[in-house]
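Chains, contacts and geometry: an overview
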Amino acid sequence: MTQSIEPHFRRLLVTGGAGFIGSCFVRDRMARRDGTQIVVLDKLTYAGNRANLAAVEADPEQAARFRFVVGDIADSHIVAPLVAEADAVVNFAAESHVDRSILEPVDFLRTDVLGVHVLLEACREQQARALAGDRASAPRLLQVSTDEVYGSVETGESREGDRLEPRSPYSSAKAGGELLARSYFVTYGLDVVITRGSNTYGPFHHPEKLIPLFITNAIDDQQLPLYGDGLQRRDWLYVADHAGAIGHVLEHGRSGEIYNVPAANERTNRDVVAALLERLGKPWSLVRTVADRPGHDRRYAMDGTKLAALGWKNAMPFEEGLAATVDWFRDNEAWWRPIKSGQWEEYYRRQYSARLANSRDAG
Ligand code: NAD
Ligand code: TYD
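So, here is what we can say about the structure in this document.

Parameters at a glance
Residues numbered from 1 in each chain as written. Chains lettered and ligands numbered in written order. Predicted model: local features only at pLDDT ≥ 70, side-chain atom pairs only at ≥ 80, totals over all residues. Heavy atoms only, no water. Buried < 20%, exposed > 50% of the residue type's maximum accessible area, 1.4 Å probe, protein only. Helix = DSSP H or I, 4+ residues; strand = E, 2+ residues; numbered from the N terminus. Pairing = 2+ DSSP bridges. Right-handed = clockwise from strand over helix to strand, strands pointing away. Near = heavy atom within 4 Å. Polar contact = N/O pair within 3.5 Å; in protein donor to acceptor, adjacent residues only side chain to side chain. Areas by Shrake-Rupley, 256 points an atom, 1.4 Å probe, with all protein chains shown as cover. Nonpolar A, V, L, I, M, F, W, Y, C, P; charged D, E, K, R; others polar.

This part covers the pairing of strand S1 (residues 11–15). Within S1, four of the five residues are buried, leaving the element largely enclosed by the surrounding structure. Of the strand pairs in this sheet, S1 and strand S2 (residues 37–42) are connected by five bridges, and their pairing is parallel. Directly across from Thr15, in S2, lies its bridge partner Leu41. After leaving S1, the chain enters helix H1 (residues 20–31) and then returns to the sheet as S2, a path that is right-handed.

Not every one of the 29 residues close to ligand 1 is listed here, only the nearest: Ile21, Asp42, Ser96, Tyr170 and Lys174. With respect to ligand 1, the side chain of Lys174 contributes an N or O atom lying 2.7 Å from an oxygen atom. Separating an oxygen atom of ligand 1 from a backbone N or O atom of Thr200 is a distance of 2.9 Å. When ligand 1 is considered free in solution it has 840 Å² of accessible area, and contact with the protein chains removes 97% of it. Only H1, strand S5 (140–146) and helix H7 (169–188) provide two or more residues apiece to the shell around ligand 1. Sort the elements by how many residues they give to the shell around ligand 1 and S5 lands first, with three residues. The residue inventory of the shell around ligand 1, partitioned by class, reads eleven nonpolar, 14 polar and four charged.

The following block contains the structure:
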């Protein structure tokens, strides 16, 4: 894995750093002990969890370089002073679950589009200060985007210049956020880079998503709701590889450019579920075929030539990453059980009750 030794950006503002991928980025970056200072700004929605950063906060050397601020990226009063003290902003903050975007899209627009706008405006303010000689340079903004902005790709692999055809409220909002970010590069010359990562999995993954939902349900011998025929295909990227690629693009990416972050681990949902059940020693009979997600994207796949040319290579093979993930969930019930209670129960009922009541054997 290629990594820079001396980071260009010593003071980072990491928005959404209490979530799944953002917290991995923060933990890994702080553990390098290279002097990087990180401020995390996170709204602590249902998906944010300060426990994800416990390793950083419990380590005195890391804690001295770290600050946690609870707040909304769409609130300019909170954002502006934090951006003023940052060399770079890495924006992970988002509403991130497709199924929730289908139930209630408005929060996705607020955070994934308007929130990005507030971050961009704060960067523009700092660009003006840099031009006036009040700071050395404008902050760089890395916008974390997703392969879902390409829409469903039946064959071949999406390249960075391809048309965006997002098909869910989530992916449409993410496309809006990254298009706006790129427009600030073109229009105002702001230093913006964009990554489009593929489906990510690993420790600390919120149990609403396929892999952690199915692992934790299976541990409890509960049914696993597989949408439609289960032959949809995703390209599974280990979380530390995704976080590492984002760090690499932050340091080495060219301003105004977009970088795909694929994994080259394309699998059907059925194959993924069979593999995790095998690792857990649980039977396939737990799997139930349920009503499909409306507008369900059949396949995502991206070409990774551009990121490879920048010097990045993923490290984790899928089978090893999945085994490590299953084992982590088995060993960390104290992390996920509280998440699967309270508000969660209402969400689970809304999303799955009728589906499971009308489910059938998954064959
Ligand atoms: P997540 O849902 O686990 O975490 C999102 C974090 O953002 C949470 O900590 C939440 O509290 C915070 N947040 C939400 N709204 C906020 C707001 N308005 N202000 C401040 N904080 C807010 O998401 P994740 O899976 O870690 O994804 C991180 C980023 O990566 C997202 O932008 C997502 O679109 C993108 N992405 C995710 C995947 C994936 O498979 N998980 C793949 C590609 C891209
Ligand atoms: P998900 O983890 O929600 O990621 P995304 O929709 O962003 O790719 O879903 C991954 C795949 O798993 C997707 O094809 C939908 C499917 N899926 C199910 O079959 N059942 C479920 O309960 C969930 C959450 C997802």
